[in-house]
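In case you want the letters, here they are:
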Amino acid sequence: MPLLVMKFGGTSVANLERIRNAAQKVKAEVERGYDVIVIVSAMSGKTNELVGWVNETSPLYDAREYDAVVSSGENVTAGLMALTLQEMDIPARSWQGWQVPIQTTSAHGAARFVDIPRKNLDAKFAEGFKVAVIAGFQGVSAEGRITTLGRGGSDTTAVAFAAAFGAERCDIYTDVDGIYTTDPRITSKARKLDKISFEEMLELASLGAKVLQTRSVELAMRYKVRLRVLSSFDDTNETSGTLVCDEDEIMESKVVSGVAYSREEAKLTLVTVEDRPGIAAAIFGPLSEAGVNVDMIVQNISEKDYQGHERPVTDMTFSCPVDQVARARKALETARDAGSISYEKLEVDTDAAKVSVVGIGMRSHAGVAARMFSALAQEGVNIKVIATSEIKISVLIDRKYMELAVQALHDAFDLDKAG
Ligand code: ASP
Ligand code: MG
């Protein structure tokens with residue numbers, strides 16, 4: 001039997017009527033001849049409520065009990081989905097993580113998959129059951145305790161089942177109808193993509209993160225699971241939504257596929273640090289230990305002069321999320337007090353935003369950076385820092401120009417037009 005994985009997010013199972021609506025979509029696939037593994041999230045808002053209860057009961061909670069409580073939302077929707085399908089005469093059975101068993105590490109609250117044995121589900125399908133409904137987001141540790149995978153984890157459950165069972169596709173039903181060229185709230189010209197590569201999807205995290213847990217995309221890329229994002233509120237068919245797939249499947253692609261952004265960025269500059277071997281390690285080691293997610297890094301040329309110093313000096317600039325600035329400052333001051341680095345001052349600019357253009361076509365096309373910079377120049381947007389990777393060019397700019405920059409780049413790369 002061909003097999004599909006269908007995952008329904010919180011808004012798609014928010015109440016009994018929506019569960020019935022989702023079950024109709026499952027029924028349609030069964031009638032097309034598929035066996036189906038359904039992965040469900042908790043009803044929307046449920047997990048937040050459970051997390052709140054845990055925090056209120058015990059601020060420094062035991063993570064094993066956090067998982068015992070927080071995993072329960074999915075148990076409810078899994079049972080209700082199985083019952084709903086049975087009422088529609090579809091033979092269905094629900095499974096909590098430990099019953100499969102979905103084996104994970106013991107990292108409570110952030111567990112990772114170890115193995116998903118097929119035996120139990122295969123036996124049920126062989127008995128004539130058409131649908132296995134799996135509680136997403138959870139598993140069981142080697143110690144036999146319930147674990148959870150981190151917020152948004154049921155996407156990753158879905159991809160892991162699709163990989164383990166060789167599913168034809170993994171359909172992620174949510175409340176948006178696909179992945180867009182940019183955030184439609186920033187420009188009404190944003191266009192839904194039919195297909196996007198795994199790599200681009202990972203780079204477009206700012207657009208996709210609310211839709212897909214990043215880890216699920218990484219897993220899909222590793223196991224080449226074709227992933228489709230579509231809305232459970234629309235009438236859907238084989239071509240609905242956006243397919244996230246291997247780039248080989250994308251025949252024709254534009255040079256740039258999307259414009260991503262990150263609104264709350266900060267730029268930090270260490271003025272006059274020594275220019276010597278090991279200085280970068282001495283700066284970024286402590287930042288990493290302090291949990292600062294450093295993104296862009298620029299070391300300025302130091303040949304200018306010694307500026308009255310005995311040895312060559314340079315400036316080092318980097319960016320990180322605004323809410324990590326205090327941590328970064330403390331880590332750098334501690335390193336300076338300990339004598340491992342020295343600097344004249346630390347300049348902090350907390351009014352930055354990052355805008356990026358992303359596309360696998362950049363690998364084979366020159367001139368993307370020039371086009372990007374001239375589009376920004378025409379709008380009078382000043383660039384503070386530039387960083388590039390194989391399929392992405394990012395600039396740090398003043399936050400107040402972020403929307404304008406996204407719109408200008410969306411126009412400059414003709415993203416409102418298909419193909
Ligand atoms: N219910 C969990 C959460 O809200 C897992 C999920 O929905 O993916 O994070
Ligand atoms: Mg989600």
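Above this note sits the structure.
For the structure given in this document, a descriptive report is provided here.

What counts, and where the lines are drawn
Residues numbered from 1 in each chain as written. Chains lettered and ligands numbered in written order. Predicted model: local features only at pLDDT ≥ 70, side-chain atom pairs only at ≥ 80, totals over all residues. Heavy atoms only, no water. Helix = DSSP H or I, 4+ residues; strand = E, 2+ residues; numbered from the N terminus. Buried < 20%, exposed > 50% of the residue type's maximum accessible area, 1.4 Å probe, protein only. Lys, Arg positive; Asp, Glu negative; His and termini not counted. Salt bridge = Lys/Arg side-chain N within 4 Å of Asp/Glu carboxyl O. Contact = heavy atoms within 4.5 Å. Pairing = 2+ DSSP bridges. Axes fitted to C-alpha atoms, helices over the stretch in contact; angles between N-to-C directions. Near = heavy atom within 4 Å. Polar contact = N/O pair within 3.5 Å; in protein donor to acceptor, adjacent residues only side chain to side chain. Areas by Shrake-Rupley, 256 points an atom, 1.4 Å probe, with all protein chains shown as cover. Nonpolar A, V, L, I, M, F, W, Y, C, P; charged D, E, K, R; others polar.

Observations regarding the side chain of Lys25
Item 1. In this structure, Lys25 sits in helix H1 (residues 16-31).
Item 2. Buried charge Lys25 goes without a salt bridge, the closest partner of opposite sign being Asp235 at 5.2 Å.
Item 3. Those residues in contact with Lys25 that sit more than four places away from it in its chain are Met6, Phe8, Tyr173, Ser231, Ser232, Asp234, Asp235 and Thr236.

A closer look at the sheet that holds strand E6 (residues 131-135)
Item 1. Strand order in this open sheet of eight strands is E3-E6-E2-E1-E9-E11-E12-E10, and the pairing throughout is mixed. Lying at the two open borders of the sheet, with one neighbouring strand each, are strand E3 (92-95) and strand E10 (195-197). Taken pair by pair, the neighbouring strands of this sheet meet at an average axis angle of 20°, ignoring direction.
Item 2. Against the sheet, helix H4 (residues 72-87) touches strand E1 (3-8), strand E2 (35-40), E3 and E6, its axis set at about 165° to E6.

Points about the site of ligand 1
Item 1. The immediate surroundings of ligand 1 are formed by Ser41, Ala42, Thr47, Glu74, Phe137, Arg151, Gly152, Gly153 and Ser154.
Item 2. In this structure, a nitrogen atom belonging to ligand 1 sits 2.7 Å away from a side-chain N or O atom of Thr47.
Item 3. With the chains in place, 86% of the 260 Å² that ligand 1 exposes on its own is no longer accessible.
Item 4. In terms of residue class, the shell around ligand 1 is made up of two nonpolar, five polar and two charged.

Side note on the pattern of salt bridges
Think of it this way: side chains of opposite charge can pair up when their charged atoms draw near.
Item 1. Under the counting rule described, the total for this entry stands at 30 salt bridges.
Item 2. Put simply, Lys130 and Asp35 hold a salt bridge, and the shortest N to O gap is 3.1 Å. Note that Lys130 is positioned in the loop between helix H5 (119-126) and E6 and Asp35 in strand E2, a separation of 95 residues in sequence. For the residue pair Lys130 and Asp35, the accessibility class agrees, reading buried in each case.
Item 3. Here the salt bridges share partners, and the residues they tie into one network are Glu199, Glu247, Arg363 and Glu390.

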